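These are the residues of each chain, in order.
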Amino acid sequence: SLAVPASLAVPASLAVPASPAVAKAPSSQSNAIFFVGWPERFHMAERYSDEVLAHDPELTDPDKLLLWAVRHQANEGECTTSRPSMWDKVATAKWMAWRQIGKKSKPEAMNVFVRVVAELHPEWWKWPALGLVEAEEEEGEEEMEEGEPVAEGPGSLDLSLGAVPGSAVGNVPGATNGTGPPLLKPPAGEEEKGAPNTPSGGRESRPLSRNLSRMGQGWQPLVTSGLPPRAHYRHAAAVIGAHMYVFGGRTHGGRLPEGVRVLSMVSCEWSQPVIEGSVPARWAHSMNAWRHMVVVFGGVRKREYLADVALLDTHNLCWLHAEPTAAEPTFGAVKNSPSARAYHSATLVHNRLYVFGGEDSTGLLPPDVHALDLLTLSWVRHKCSGHVPVAVRDHVAIAAGSRMLVVGGSTAAGYVDGSKLAVLETETMVWAQVRCSGQVPSARAGHAVAMTPSMSEGGWDLCIFGGGDGLRGFSDLFRLDLTSSEWSKVNSEDDATNGLTPREGASVASAGTLLVVFGGYTSTGCSADAYICDQGMYASSLASSIAADSELEENGKEGLSALALLSSADAQEVSAAQEVFGRAMQVAVLGVECDLGCGEWVPVGHDETFGAATQRLELLQLQLSRAPENSPARRATFLASCHAGLLPVASGGTECWFIFYWVCVLNVSTGQRASAMSAGVQLSAPLLAKARETRCTKSISARLMTLHAQLTEAWYSAIGALLAVEAEAQALAE
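Predicted, not measured: the structure shown is a model, and the values here were computed from it.

Points about the overall build of the protein chain
The helix and strand tally for the protein chain stands at 13 helices and 45 strands. Within the protein chain, the fraction of its 734 residues that count as buried is 56%. When contacts within the protein chain are restricted to residue pairs at least 6 apart in sequence, those whose partners lie at least 24 apart make up 65%. Of the roughly 29500 Å² of accessible surface on the protein chain, 51% is carried by carbon and sulfur atoms.

Below, the structure is given as structure tokens:
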């Protein structure tokens, strides 16, 4: 089970479950209300809030503040009013709550308002006055509400607040600040420096483009801004979308840095999100990206080895404390949870976290494999066969399809080199040993690995960086072609002239072919530097976009005034976008392959699907920033993304499933963004089984041609919302 910290000052509905096994979709999204479009659904929630919810005696002050703030954002847009008098505590609390919403668009704020109402009163849509259900079904409730006073107009909730603590307003989960993560703390003095002509809505800065201008020269220092973390090592990092999340580690003197830092790979800006709840700081732990969550396991804190599991919800910015149970044993597994440990590896394969190796206070741990099912939050220990590796610590493991590859590490006999890799096939739980050739990395531990698109045709390559062998450290980068099992050395020790000195305990994150190294322990102590490397490669999807763009011009479509890049190469999704953008805005649409690196992910519910679409949009921004200056893709006026998801709906005691889309549109020049959701199409039992079997919505979306109409409607809604937001911004500027 997931336990949300009691300190959360916002309704728990916004801590969206990661899967239906963790928590079921709210009943507010059941049958009737699901088919109500926008903004009609928002207006219904407004009416219910005024006439029913406002008079709920159990409604708390933080709930009232949140409702008031999100509603104002939905009706009036971003807060631009001046701060009220410090003596007026109620007005100040309202103003602070509204400011916390940030730059969230009106449609997004409408969505959040409906979700908050649904959490407070799950069956609000059944109120007979809304006309969605028969009056006799709610007869008793209607009698109870009869004669109650009716509030009118926006902001009519009575905020009878006493002393408002500074934390009462809290953080509004899901709100976004420009294109970055939700509600990040800006650097001191930058709160009011938003520039309408910058993509992020902040100061004009394109450090990534400048840094990538010399990609052919190996590692280059990453010029960052914002709130950089302290120098530390033995931390962990995970990438979601185009943002790298850093947590834990040790600083000079062995101190443990608190909190989470986030690096936007698009703007190269560090920020520190305001996260509800807390997780003890640690080092030598593992951290994995799963959907929109970051999963943290194990580590060391004050000489105490840990075995806890915590999830960071990057959408709602809160820590979720997991309490996994031991699952019922299956064939080849036993009911068992892993012991406390550090210097272990944790690898995510098909919604399961495989924990291997490490150490505790007694020394090396046995080479057992424990698996945590993230959908059911249950542990098992697998009985593995084959060429089982020896006990190892300070190694790394990474997923390649259904296999888990173990690289390097320290054993009782010494350090492990890259000539032989231990490989676990997770479908059969059989270990094997793969012999590698080429320029094999020397034996090491404390290194880092990441997956990047292969330099050959298709596939993925494994990259290994840094580490040490007890006598010296390394700053070399090796690449393993998983098809040929051949190592090649990418950079040389000459990269030390760029400041990238040998180090261990650093983190390496990848987004496409881009690698980012942060921190680590060097000969001079802890490091807070970041470096990037791309070897001058550009995503093949952009190359195909350039070819497609040239084809458009050859076919006489140069009359189209602008170009839009869509983070999808799916024919149906591209076709719907081309139809709408061409008619409404005279814009040509090019589809760009933009893989989230988790093809098995089937988003369930509105928030997961919206998060997937947002991540695709961020990755598309990153790809665009890496395109050559003379690339036709550089003249893109709009960036767009879409992602399909599933929604369970309770109807007549049975559960029906629908497939639907979230779409997002970004104006590159203004930085304004808008989103919209399509109507749903019910899935038949065979199609639902197909989706669950393949773990991918692509397997069913291509077979439902009716989705073209749903997508078209959603694109029209998103474009209309974007135009409205831009018109309002222009009016405010004038």
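Regarding the side chain of Thr452
Of note, Thr452 is situated in strand S31 (residues 448-453). A polar contact of 2.8 Å, which involves the side chain of Thr452, links it to the side chain of Arg479. In contact with Thr452, other than residues within four places in its own chain, are Trp460, Asp461, Cys463, Arg479, Ser510, Gly512, Thr513 and Leu515.

With respect to the nonpolar core
The nonpolar side chains of a soluble globular protein tend to be buried, and buried together. Among the nonpolar cores identified, the biggest contains 35 residues, and Leu566, Phe581, Phe638, Val663 and Trp715 are the most heavily contacted of them. If you list the elements that add at least two residues to this core, you get strand S40 (562-566), helix H9 (571-585), strand S41 (587-591), strand S42 (636-651), strand S43 (654-667), strand S44 (673-677) and helix H13 (707-733). At eight residues, H13 tops the list of elements feeding residues into this core. Leave out the neighbours within four places in its chain, and Phe581 touches Ala564, Gln586, Val587, Val589, Phe638, Ala640, Val665, Trp715 and Ile719. Grouped together as the second largest cluster of nonpolar side chains are 34 residues, Met44, Trp68, Ala93 and Ala109 included.

Points about the sheet that holds strand S33 (residues 477-481)
On the basis of which strands lie adjacent, the open sheet formed by five strands has the order S30-S34-S33-S32-S31 and mixed pairing. Of all the strands in the sheet, the pair left with one neighbour each is strand S30 (437-438) and S31. By the bridge criterion, two bridges tie S30 to strand S34 (residues 486-489) in an arrangement that is parallel. Along S34, the bridge assignment pairs Gly438 with Trp487.

Regarding the packing of aromatic side chains
By the definition in use, this model includes 15 aromatic pairs. A ring pair is formed by Phe42 and Phe113, whose centres lie 5.4 Å apart and whose planes are at 75°; its orientation type is edge-to-face. Pair noted here: Phe42 is in helix H2 (residues 40-51) and Phe113 is in helix H5 (residues 106-120), with a separation of 71 residues, a long-range link. When sorted by exposure, Phe42 lands in the same class as Phe113, which is buried.

Side note on H5
Between its first and last C-alpha atoms H5 spans 21 Å; for 15 residues at 1.5 Å apiece the expected length is 21 Å, and the two agree. The element H5 is largely enclosed, with a buried count of 11 among its 15 residues. Of the residues making up H5, those classed as buried are Glu108, Ala109, Met110, Asn111, Val112, Phe113, Val114, Arg115, Val116, Val117 and Ala118. For H5, the elements touching its buried residues are H2, helix H3 (61-76), helix H10 (606-625), S43 and S44.

Side note on the confidence of the model for the protein chain
Residue-level pLDDT values for the protein chain average 75, and 73% of them are 70 or greater. Mean pLDDT in the protein chain bottoms out at strand S2 (residues 184-185), which sits at 29, and peaks at strand S18 (residues 352-356), which reaches 95. The model gives residues 1-31 a pLDDT under 50, and that stretch makes 95 contacts with residues more than four places away or in other chains. Here residues 536-560 is modelled with pLDDT under 50, and outside its nearest four sequence neighbours on either side it reaches 37 contacts, counting other chains as well.

Parameters at a glance
Residues numbered from 1 in each chain as written. Predicted model: local features only at pLDDT ≥ 70, side-chain atom pairs only at ≥ 80, totals over all residues. Heavy atoms only, no water. Helix = DSSP H or I, 4+ residues; strand = E, 2+ residues; numbered from the N terminus. Buried < 20%, exposed > 50% of the residue type's maximum accessible area, 1.4 Å probe, protein only. Contact = heavy atoms within 4.5 Å. Areas by Shrake-Rupley, 256 points an atom, 1.4 Å probe, with all protein chains shown as cover. Polar contact = N/O pair within 3.5 Å; in protein donor to acceptor, adjacent residues only side chain to side chain. Core = buried A, V, L, I, M, F, W, Y, C linked by side-chain atoms within 4.5 Å. Pairing = 2+ DSSP bridges. Phe/Tyr/Trp six-rings, centres within 6.5 Å; stacked < 30°, edge-to-face > 60°. Expected span 1.5 Å × (residues − 1). pLDDT = per-residue confidence, 0-100.

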